[in-house]
Amino acid sequence: ETGVTQSPTHLIKTRGQQVTLRCSSQSGHNTVSWYQQALGQGPQFIFQYYREEENGRGNFPPRFSGLQFPNYSSELNVNALELDDSALYLCASSWSLEGARNTEAFFGQGTRLTVV
Amino acid sequence: GENVEQHPSTLSVQEGDSAVIKCTYSDSASNYFPWYKQELGKRPQLIIDIRSNVGEKKDQRIAVTLNKTAKHFSLHITETQPEDSAVYFCAASMGGGSYIPTFGRGTSLIVHP
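Residues numbered from 1 in each chain as written. Chains lettered and ligands numbered in written order. Predicted model: local features only at pLDDT ≥ 70, side-chain atom pairs only at ≥ 80, totals over all residues. Heavy atoms only, no water.

A. Molecular detail of the pattern of salt bridges. All names here are of chain A. Tallied over the entire structure, the rule returns eight salt bridges over all chains. For the salt bridge of Glu75 with Arg22, the shortest nitrogen-to-oxygen distance reads 3.5 Å. With a gap of 53 residues between them, Glu75 in strand 8 (residues 74-78) and Arg22 in strand 3 (residues 19-24) connect regions that are remote in the sequence. Put simply, Arg63 and Glu82 hold a salt bridge, and the shortest N to O gap is 3.3 Å. Placement of Arg63 in the loop between strand 6 (53-57) and strand 7 (64-68) and of Glu82 in the loop between strand 8 and strand 9 (87-94) is noted, with a sequence separation of 19 residues between them. Exposure remark for Arg63: the relative accessible area of 17% places this residue in the buried category. Connected through salt bridges with shared partners, the residues Arg63, Glu82 and Asp85 form a single ionic network. (Salt bridge = Lys/Arg side-chain N within 4 Å of Asp/Glu carboxyl O. Helix = DSSP H or I, 4+ residues; strand = E, 2+ residues; numbered from the N terminus. Buried < 20%, exposed > 50% of the residue type's maximum accessible area, 1.4 Å probe, protein only.)

B. Layout of the sheet that holds strand 3 of chain A. Residues and elements named next belong to chain A. Here we have four strands laid out as an open sheet, ordered 1-3-8-7, and antiparallel in their pairing. Edge positions in the sheet fall to strand 1 (5-7) and strand 7, since each of these pairs with one other strand and no more. Sheet twist, expressed as the average angle between the axes of neighbouring strands with direction ignored, equals 20°. Here strand 3 runs beside strand 8; their pairing, made up of five bridges, is antiparallel. Among the inter-strand pairings, Leu21 is bridged to a residue of strand 8, identified as Leu76. (Pairing = 2+ DSSP bridges. Axes fitted to C-alpha atoms, helices over the stretch in contact; angles between N-to-C directions.)

C. Layout of the pairing of strand 6 of chain A. Residue and element names in this part refer to chain A. Bridge analysis of strand 5 (residues 44-50) against strand 6 gives three bridges, and the strand direction is antiparallel. In the sheet register, Tyr50 faces strand 6, and the bridge partner there is Glu53. Hairpin remark: strand 5 followed by strand 6, antiparallel, with two residues in the connecting loop; positive phi at Arg51, about 50°.

D. Inspection of the packing of aromatic side chains at higher detail. Residues and elements named next belong to chain A. Tallying each qualifying case throughout the model produces 13 aromatic pairs over all chains. Here Tyr35 and Phe107 contribute two aromatic rings whose centre-to-centre distance is 5.5 Å and whose plane-to-plane angle is 50°, an arrangement assigned as tilted. Of this pair, Tyr35 sits in strand 4 (residues 31-37) while Phe107 sits in strand 10 (residues 106-107), and the two are 72 residues apart along the sequence. By relative accessible area, which is 1% here, Tyr35 ends up buried. Of the residues examined, Phe107 reaches a relative accessible area of 1% and is grouped as buried. Seen from their ring centres, Phe47 and Tyr49 are 5.4 Å apart, and the 85° between their planes marks the pair as edge-to-face. Classification of Phe47 as buried rests on a relative accessible area of 0%. (Phe/Tyr/Trp six-rings, centres within 6.5 Å; stacked < 30°, edge-to-face > 60°.)

E. Layout of the environment of Leu81 of chain A. All names here are of chain A. Mapped onto the fold, Leu81 is located in the loop between strand 8 and strand 9. For the pair formed by Leu81 and Gly16, sequence separation is 65 residues and the distance between their alpha carbons is 4.6 Å. Residues in contact with Leu81, not counting those within four places in the same chain, are Lys13, Thr14, Arg15, Gly16, Gln17, Gln18, Val19, Arg63, Leu113 and Val115. (Contact = heavy atoms within 4.5 Å.)

Shape is all these values report; function is a separate question.
Okay, here's the thing in structure tokens:
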């Protein structure tokens, strides 16, 4: 086990609703990245949080937003859910230092979101 | 941005055979290349990684090679076993302050007993 935990594990929402997914990073890690993995695809980068600030963003619309808390845990919020948002949402934690080499990222078990 | 191509999408081998999965990347600034194994319904798990200052790395039955000039890297699994069956993802990223890997689309490896 990696020590990265996500909640909930499964979720069903209706189109147009809002959802919040949560991630607790591994002890000692300060960086959390979120990914969307559609069925049969590789993980697609949504955004990364480092020291409570967004530190990079993939090609996702603004209705995907996030937060990182002082204990380095993180939330992913998705507004105005669409059917295509149905996917496995993964978070990954790592340790980063400005200008220094990062550690590898460890993934949580994911949240399976179904939008109906 | 970075683009990672991964081939093949499906690979079927007999137990004991070798398996090779190949990836190419587009951004010459990428310098860190991890490989993840994802079993059905489970999280991706890092199995091996390589940085751009080395050309090859081996860990028991798994090895990764990197050709920076050609911008491609490969995963080699020898003496495959049924428990190696999974989806394998390659990724490429730049090091430094951010670790934001770009993933390939995955290779479904099936090892027949």
